[in-house]
Each structure stands twice: as C-alpha cells, then as structure tokens.
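# Descriptive structure summary
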Amino acid sequence: RNSRFIKRGKMVEPTPMTTPTEVVTHPLVLLSTVDHYNRLNAGVIAGKRVVGVLLGTSLKGTVDVTNSFAIPFEEDAKEPKIFYLDHNFLENMYGMFRKVNARERIVGWYSTGPKIKPNDLDIHQIFRRYCTHPVYCIIEVEPKDLGIPTTSYIAKEEAEDESSEPKLTFQHVPSSIGALEAEEIGVEHLLRDVSDTTVSTLSTQVKDKVAALTGLYTRLEEIKTYMNQVVEGTLPINHNIMYKIQGIFNILPLLHHQRSQKEMAIETNDNLMAMYIASLVRSVIALHHLINNKQELQKKKDQKDKEKKEKEEKEKKEKEEKEKKEKEEKEKKEKGKEKEKEKDAMDTSS
C-alpha cells in the first residue's frame, strides 16, 4: 500500500527519520500520559492501557519527544489481534498540532503497557504510514520498580538462525528523561508540594543511595534471569548482549586484592568523614541560629517590657501631677471662700 493518505484534499507524507539510537522523553509527555490514563480509568482498579501519538523532532538518531496527544483506542482482551484505532481522529489532531508548532512531527506512539502486547507490532506497522522509523514507548503510570518510567523500542527484522526467515521484532533503544529550561522550572514548582522541606540533605543523600543500590540490584537480577534462560535454552543467545555483559565484568574493580580493598575502604571512610563533618557543621550552625533567634526574641521582649514600664511610670507621674494640681486649686478655692467670709463678717460688725 502507498504510505500517503488523502486528507481534505492534501497529501500527508510520513515523517522522514533515521534509525533511532536514543529516545529523550520530556516531562510534558509524562504528565499528558498520566492524565490520559486517569481520565479513562477513573475509579477502576485494573485499568485498561491507553494509546497515544508521540510528537517531536529527530536529529542524528536522537529522538526528542516533546509533546503527545491521546487517540481513541479499544482492544479485545480475549483476542489481542482485534483492536480499534481511530485514524481520522489521529490525522485531524495532527493537523491541528501542525498549525500550532510546525516543527513537531509524528515520531512514534506510546502505550501504558506495562508490557509488550501481541498486537503492538500491528499497531507499529500502522504508525509507519506517518513515520518511516517510529518509536514505541511504554510509559508506566504506576511504576513498581525504581528507575525511569519509560522503555523505548524500534521494530527490526531479525532471524533466529541462518535458515529461518527474518521476522519483525521489537529492539530495545536507550531512553532517558530530558527537559528544557522552562520545563525544569515548571517541574520544580510542581515538586515543591511533593518534596518534604524538613528532611535534611544527609537523609536525602542516604535515600538516593538506597534507591540507586535497589535499582542496581534489579538490573543484576534481570541479567541473571536472562543468563539462566539462555543456559536452559529458553532464549537464543545474543552475542551483542554477551559482549556488553563481558564489558561490565571487565571494568569491575579487583575487590579480592588486599590493596584494592584497602583503597576502597580509605575512600569510603574519607567520604563518610566528610559527610559526618558536614552534618556536624550544619547542626552547629542551626544551633547557633537558634540561640541568636532566642536572644533577639528576649531582647525584643525586654525592650517591650521597658517601654511598657516607662509608659506606666509616665502615666503615674502625670496622674500625680494632675491630682496635686487639682488639690492646690481646691485649697485655693477654700482660702478664697474663707477670705470672703471674713470680709463679710467685718462689714457686718462695722
């Protein structure tokens, strides 16, 4: 079939792209996906997965997924090959997005997985009509493991051996989370309501270390499971994966040597000593600020008490002066009355 589609009298051509080697997902895509999932599965314990279109740019194999939009999608739980995807809605929405930002093209599609479904290859083939090398990104809205919540794939033909015919399968592509400066500011504002400001930096660092070690343990378990399946014959051997695992073991330090153990212990102790001193300094500075604040409060309180005392003394003094003045005026009036009485008595006797 021709990969061009007629849309309102115009030809919609697929986005030309090189084979993706890395996928960078922006925070806006994650927020849109979570909102799409929550709106569709409100009040449902085991919600259905949702599907949408990824928009962005591609440069030298690096795909920047900067935007996305949801599309109507339904699938039969019993028969995975039966599904519905609204092409007209997709093309109309893409046309409106192109009017807002002409640089954003269709670079792939997303679903909330959390795993690859049997009909994903068929959906991927549909998106090849809009993009030469589409990216399939599984975004976990409720991640159970530590790490980034995105897993990216591309479709590639592979053969199990030389005699078998090549089949279209998904190949994993490295993925990461990236953000522009404006997006970083927005995410920081959102995280202010989530993060606990009362937790110390040392506690945060320890928590991050534990999270990193848990993630490393999960990856090692995945490698162990894969190696066991290869040994048992469940999965075919992949030499590229074996080369990478061998490279990981080659760069491991020689921990069984006493010199390496001593150097690592010294470095660890130095780091822990620096963290301990930093924690002590921070505690001393916090205590110093607490004492200063208490002294300032006591000083303000003393100043307030002094002003109150001065005000009371002033009012008392004014009251005494007023009473004294009234008393003098009263005595003056009484003397004037006595003089008048004496004068009247003298006039009467004369």
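Right, let's walk through the structure included here.

Rules used throughout
Residues numbered from 1 in each chain as written. Predicted model: local features only at pLDDT ≥ 70, side-chain atom pairs only at ≥ 80, totals over all residues. Heavy atoms only, no water. Core = buried A, V, L, I, M, F, W, Y, C linked by side-chain atoms within 4.5 Å. Buried < 20%, exposed > 50% of the residue type's maximum accessible area, 1.4 Å probe, protein only. Helix = DSSP H or I, 4+ residues; strand = E, 2+ residues; numbered from the N terminus. Contact = heavy atoms within 4.5 Å. Polar contact = N/O pair within 3.5 Å; in protein donor to acceptor, adjacent residues only side chain to side chain. Patch = residues over 30% accessible without salt bridge, like charges linked within 9 Å, V, L, I, M, F, W, Y side chains within 5 Å. Areas by Shrake-Rupley, 256 points an atom, 1.4 Å probe, with all protein chains shown as cover. Salt bridge = Lys/Arg side-chain N within 4 Å of Asp/Glu carboxyl O. Phe/Tyr/Trp six-rings, centres within 6.5 Å; stacked < 30°, edge-to-face > 60°.

## Re the nonpolar core
- Ranked by size, the top nonpolar core spans 20 residues in total, and within it Val53, Phe69, Ile71, Leu90 and Phe127 carry the most contacts.
- Contributions of two or more residues to this core are made by β4 (51–59), α2 (87–100), β8 (105–111), α3 (120–127) and β9 (135–139).
- Top contributing element to this core by residue count: α2, with 4 residues.
- Filtering out sequence-adjacent residues up to four positions away, Ile71 remains in contact with His36, Val51, Gly52, Val53, Leu85, Phe89, Leu90 and Phe127.
- Of all hydrophobic cores here, the second largest spans 17 residues; its members include Val29, Leu54, Tyr110 and Cys137.

## Describing the environment of Arg49
- For Arg49, the location among the structural elements is in the loop between α1 (27–40) and β4.
- Residue classification places Arg49 among the buried positions, given a relative accessible area of 6%.
- Along the backbone, Arg49 and Phe97 are 48 residues apart, and their C-alpha atoms lie at a distance of 24 Å.
- Not counting chain neighbours up to four residues away, the residues in contact with Arg49 comprise Phe73, Glu75, Ser111, Thr112, Gly113, Lys117, Asn119, Asp120, Ile123 and Tyr136.
- Of the polar contacts made by the side chain of Arg49, one reaches the side chain of Asn119; its length is 3.0 Å.
- One polar contact links Arg49 to Asp120, side chain to side chain, over a distance of 2.8 Å.

## What to know about a nonpolar patch on the surface
- On the surface, Met273, Tyr276, Ile277, Leu280, Val281 and Ile285 cluster together into a nonpolar patch covering about 560 Å² of accessible area.
- Looking at where Met273 falls in the secondary structure, it is placed in helix α7 (residues 258–349).
- Residue class for Met273 comes out partly exposed when judged on its relative accessible area of 46%.

## Section: the packing of aromatic side chains
- For the coordinates displayed, the defined rule picks out 8 aromatic pairs.
- With 5.1 Å between their ring centres and 20 degrees between their planes, Phe69 and Phe97 make a pair best called stacked. Of this pair, Phe69 sits in strand β5 (residues 62–70) while Phe97 sits in helix α2, and the two are 28 residues apart along the sequence. For the pair Phe69 and Phe97, one class covers both residues: buried.
- Three or more aromatic residues joined by ring pairs make a cluster, and in this case those are Trp109, Phe127, Tyr130, Tyr136, Tyr153 and Phe170.

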